Amino acid sequence: MTHNVRQMEQQDAFLRAADNLEEAKRTLSGEPLRTKQELQAFYVPVLESVRGADIVPQLLDGLNRSFGDPRYKAFLMGRSGVGKSTEISKLLLQVSDRYVPLRFSTKEDLDPRNFKPFDVLLLSSLMIAEETEKVTGTRPSAELLRPILEWFADVSITAKSALQGELGLELGFGVPKDSLWTKLTGLFGKIRGEIKFSASREKTVVDYSLNRIDTLIDAVNKLFLECHRLLDTANGKEWLLIGEEFDKDYIPEDLTRDLFVTYGSALVQLNINLIFNLPLTLLYSSHGSGLPKFARVMVYDTPLYKRSHEFNEEAIGNLREILEKRIRPGLFEEGQERRLILASGGQLRELFALVSAAAGRARVAKSAQILEAHANRAIIDLREEFKGRLSVGDADDSILLDHKLEKLKALYECDPQSQIPDRVLNDLIRAGHVLDFNGEHWYGPHPLAVEVLRFFKLLKPEDPGGVP
C-alpha cells in the first residue's frame, strides 16, 4: 500500500463517525469545520429553528448588497464554542465566487493577552500583500509596504534595532523593485513573530505608537486599495477580512475594548470588507454604545430546557444528530449520550470535549462503551470547573460570590429584573454560567450552573433544569 493511499484512508476515517472509542479521539475534535469536505461530513443544519436565527443568510444578504461599494462590515457575536467559526466556513463556500477571505485568529496570529489595535492593522497588511501575489500572480507595489514597515520599526522594543538596520538598508533608494519586494517579504516572518509575542513592548513605545495610528491607517488603506484593484483585475472579486476568537475568556477585556471602542474608528476607516467576532460582554456593557455601527449578527445558544425547565426535546434531538455524525450511538450505554448532551449546555465544543473525556475514561477502563461511571466522571469534572469559575478575584471591584449566586437563582426563577444586563450578568455570561437563547435575549442558567445552585443548597435535588 502506497503512502498516498494510506493517507487517503486515514483522512476518510477522520471524516466519518467513529466506529470505536479509539477513533473517537480524532472525530470529536472541537476545532471549527473549515474545508468543504469537513462540512459535508459533519455539518448538520438543524439548530437554526431552535436557536431562533440562521446567520449565514444574514451575512450573505449584507455581502450581496455591498459587493463593489461600500465595504461590508459586521460583528459576529455569540458565546465561545457556539459554532461561529463553522458558520463562517459555511459562508465562505457560498461567496467564493465573489470574495477571497483573509482569515486570522487572536489565538494563532496575535498575542491574545497583549495585542494592540495596530497589531491587527499590521497583520492584515502582511496577509493581503502575501495573498495578493498568490491569488493574482501580481505583487502589490513594494513602495506601499515601505511606510507600514517603517511604522512597525518603532513599535517593538526588542526588534527595533534589527528592523531599523534592515529597513535602512533594504528600503533605501536605488534598490531594484524585484529585489526590494524579496527583501521586504523576507521580513514578514520576523514581523509576524513580533506581533505574536508582543509582551516585551514598553508602555511608552505602545502609547507613542497608538498616538500615530492615523498615519498607519492611511498607509494600510493605500495598500488595501492597490490589492483590491489587482484582485478585481484578476478575477472580479473582493477581499474579505475575517477576525476570529476575540470573544475568548482569556483575552483581557481592556484589549477588546481598545480595539472595538477606543480605536474602533480604525476599523471604520479601513477600506476592506470585514467580519469580526465581538465579545457579548462588551456589547452589553456600558461601553457598548461606543461600538462602531456595523451590522450585528448573533449566533444564539441552543436551549435544552424551556423557561418552565421542561426538556426541549427538539433541541436535544438536534444535538444528538450532530453528535452522531462524529460517534456511533452504539458506543454509549443507554441514557449516557443524553446526559452528556444536557451537561454540555448545548455548546458544541463543550459537548465534543465532554464526550471525548468520557470516551478517554472508557478506553482506560478497557470498555467498548461509554458507561454511566465514565460519563459521571466527565460531568463532575466539568461541574467542578464551573464552580471554580465563580471564584472572586482580589480586585476592589470583584463581584462577590453571593451576588453571582443570587443572580443565577433569579435567572432560574425567571425574574424579569434578572434579565437586565449588568456587571454580574456579564461576568456570568463570560464565565459560561448563563446562556442567551432564541433571539429574544432570554437568559437562562447553564444546566451545570443549576447543578452549582444545588450544591450551594439554593435549589432542591429534585428541582428540574440540571443534569439527571
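Residues numbered from 1 in each chain as written. Predicted model: local features only at pLDDT ≥ 70, side-chain atom pairs only at ≥ 80, totals over all residues. Heavy atoms only, no water.

A.B. asks: Help me out: how do you make sense of the overall build of the protein in this one?
C.D. replies: Along the protein, the regular secondary structure elements total 24 helices and 7 strands. Taking all 468 residues of the protein together, the buried fraction comes to 53%. Contacts in the protein between residues far apart in sequence, at least 24 positions, make up 74% of those at least 6 positions apart. With an accessible surface of roughly 20,600 Å², the protein has 51% of that area assigned to carbon and sulfur atoms. (Helix = DSSP H or I, 4+ residues; strand = E, 2+ residues; numbered from the N terminus. Buried < 20%, exposed > 50% of the residue type's maximum accessible area, 1.4 Å probe, protein only. Contact = heavy atoms within 4.5 Å. Areas by Shrake-Rupley, 256 points an atom, 1.4 Å probe, with all protein chains shown as cover.)

A.B. asks: So what exactly am I meant to see when it comes to empty space enclosed by the protein here?
C.D. replies: Take a probe with the size of a water molecule and roll it over the atoms, and the empty space left behind shows itself. On inspection of all chains with the given rule, the structure shows 3 cavities of 30 Å³ or more. Each pocket or cavity is described by its volume, and for the second largest cavity that value is around 150 Å³. Together, 19 residues line the second largest cavity, and Tyr305, Phe437, Trp442, Gly444 and Pro445 are the ones closest to its centre. Going through the elements one at a time, helix 22 (401-412), strand 6 (434-437), strand 7 (442-445) and helix 24 (447-455) are the ones with two or more residues in the lining of the second largest cavity. If you tally residues by element for the lining of the second largest cavity, the top one is strand 7, at 3 residues. Classifying every residue of the lining of the second largest cavity gives 12 nonpolar, 5 polar and 2 charged. (1 Å grid on protein atoms, 1.4 Å probe; cavity = no way out; pocket = protein on both sides within 12 Å on 5 of 7 lines; lining within 4 Å. Points joined across faces, edges and corners; volume = space filled by probe spheres on them. Nonpolar A, V, L, I, M, F, W, Y, C, P; charged D, E, K, R; others polar.)

A.B. asks: Help me understand the side chain of Ser85 in this model?
C.D. replies: Relative to the elements of secondary structure, Ser85 occurs in helix 6 (residues 84-94). Exposure remark for Ser85: the relative accessible area of 11% places this residue in the buried category. Within the structure, the side chain of Ser85 is placed 2.7 Å from the side chain of Glu244, a separation counted as a polar contact. The contacts of Ser85, once residues within four sequence positions are left out, are Pro32, Leu33, Arg103 and Glu244. (Polar contact = N/O pair within 3.5 Å; in protein donor to acceptor, adjacent residues only side chain to side chain.)

A.B. asks: Explain helix 22 here, please?
C.D. replies: Helical periodicity: at 3.6 residues per turn, an α-helix aligns residues three or four positions apart in one direction. The terminal C-alpha atoms of helix 22 lie 17 Å apart, and with 12 residues this matches the ideal 16 Å at 1.5 Å per residue to within 8%. Of the residues making up helix 22, those classed as buried are Lys404, Leu405, Lys407, Leu408, Ala410, Leu411 and Tyr412. Buried residues along helix 22 sit against helix 23 (423-430), strand 6, strand 7 and helix 24. Taken from the residues just after helix 22, Cys414 is the one with a positive phi, measuring 60°. (Expected span 1.5 Å × (residues − 1).)

A.B. asks: I'm lost on the pairing of strand 7 in this one. Help?
C.D. replies: Moving residue by residue along a regular strand, the side chains alternate between the two faces of the sheet. Neither face of strand 7 is exposed, since Trp442 and Gly444 on one face and Tyr443 and Pro445 on the opposite face are all buried. Judged from the 4 bridges that link them, strand 6 and strand 7 form a sheet pairing that is antiparallel. If you follow Val434 over to strand 7, its bridge partner there is Pro445. (Pairing = 2+ DSSP bridges.)

A.B. asks: For this particular structure, what's the right way to read the packing of aromatic side chains?
C.D. replies: Under the counting rule described, the total for this entry stands at 12 aromatic pairs. Relative to Phe260, the ring of Phe75 has its centre 5.5 Å away and its plane inclined at 90°; by these criteria the two rings are edge-to-face. One end of the pair, Phe75, is in strand 1 (residues 73-77); the other, Phe260, is in helix 15 (residues 253-262), and 185 residues separate them in sequence. An identical accessibility class is assigned to Phe75 and Phe260; each is buried. Geometrically, the ring pair formed by Tyr305 and Phe311 is tilted, given 5.3 Å between the ring centres and 40° between the ring planes. On the basis of relative accessible area, Tyr305 is assigned to the buried category, the value being 9%. With a relative accessible area of 31%, Phe311 lands in the partly exposed category. Taken together, the ring pairs in this structure connect Phe75, Phe104, Phe115, Phe246, Phe260, Phe276 and Phe294 into an aromatic cluster. Directly above the aromatic system of Phe311 lies the positively charged group of Arg338, at a separation of 4.7 Å from the ring centroid. A cation over an aromatic ring shows up here: Lys387 above the ring of Phe455, its NZ or CZ 3.4 Å from the ring centre. (Phe/Tyr/Trp six-rings, centres within 6.5 Å; stacked < 30°, edge-to-face > 60°. Lys NZ or Arg CZ within 6 Å of the ring centre and 35° of its normal.)

A.B. asks: Looking at this model, I keep getting lost on the sheet that holds strand 5 (residues 295-298). Mind explaining?
C.D. replies: The strands that make up a sheet are held in pairs by hydrogen bonds between backbone atoms, and each pair lies either parallel or antiparallel. Strand order in the open sheet formed by 5 strands is 2-3-4-1-5, and the pairing between neighbours is parallel. With partners counted over all chains shown, the strands left at the sheet margins are strand 2 (99-105) and strand 5, one partner each. The sheet shows a mean angle of 20° between the axes of neighbouring strands, taken without regard to direction. Note that strand 3 (residues 238-244) and strand 4 (residues 273-278) share 4 bridges and pair parallel. Following the sheet pairing, Ile242 is matched in strand 4 by Ile275. On top of the sheet, helix 8 (residues 117-136) reaches strand 2, strand 3 and strand 4; it is set at about 140° to strand 2, its chief contact. (Axes fitted to C-alpha atoms, helices over the stretch in contact; angles between N-to-C directions.)

A.B. asks: For this particular structure, what's the right way to read the pattern of salt bridges?
C.D. replies: Any two side chains of opposite charge can pair if their charged atoms end up close together. The final tally for this structure, using the stated rule, is 29 salt bridges. Linking Asp247 and Lys84 is a salt bridge whose minimum nitrogen-to-oxygen distance equals 2.6 Å. Here the residue Asp247 occupies a position in the loop between strand 3 and helix 15, and Lys84 occupies one in helix 6, the gap between them amounting to 163 residues. Given the relative accessible area of 12%, Asp247 is considered buried. We note a salt bridge from Lys409 to Glu413, for which the minimum N-O separation is 3.2 Å. (Salt bridge = Lys/Arg side-chain N within 4 Å of Asp/Glu carboxyl O.)

A.B. asks: Got a minute to help me understand unusual backbone geometry in this structure?
C.D. replies: Leaving glycine aside, a negative phi is the common case for residues, and trans is the common case for peptide bonds. The phi torsion at His309 lies on the positive side, around 75°, for a residue other than glycine. With respect to the helices and strands, the residue His309 is situated in the loop between strand 5 and helix 18 (313-323). Even without being glycine, Lys457 reaches a positive phi, approximately 65°. As for its position among the elements, Lys457 is in the segment after helix 24. Lys457 gets classed as exposed once you look at its relative accessible area, which sits at 72%.

A.B. asks: Mind showing me how you'd approach the environment of Leu280 here?
C.D. replies: Mapped onto the elements of the fold, Leu280 is located in helix 17 (residues 280-283). Ignoring anything within four residues of it in the chain, the contact list for Leu280 reads Met77, Gly78, Arg79, Met298 and Ile429.

A.B. asks: What am I meant to see in the packing of helix 8 against helix 9 (residues 142-152) here?
C.D. replies: For any two helices packed against each other, one specifies the crossing angle of their axes together with the interaxial distance. In the contact formed by helix 8 and helix 9, the axes pass within 11 Å of each other and the chain directions differ by 145°. In this structure, the crossing between helix 8 and helix 9 has a hand that is left-handed. Note on element contacts: helix 9 touches helix 8 through Leu145, Ile148, Leu149, Trp151 and Phe152, opposite Phe118, Leu122, Ser125, Leu126 and Ala129. (Left-handed = near helix turned anticlockwise from the far one by under 90°.)

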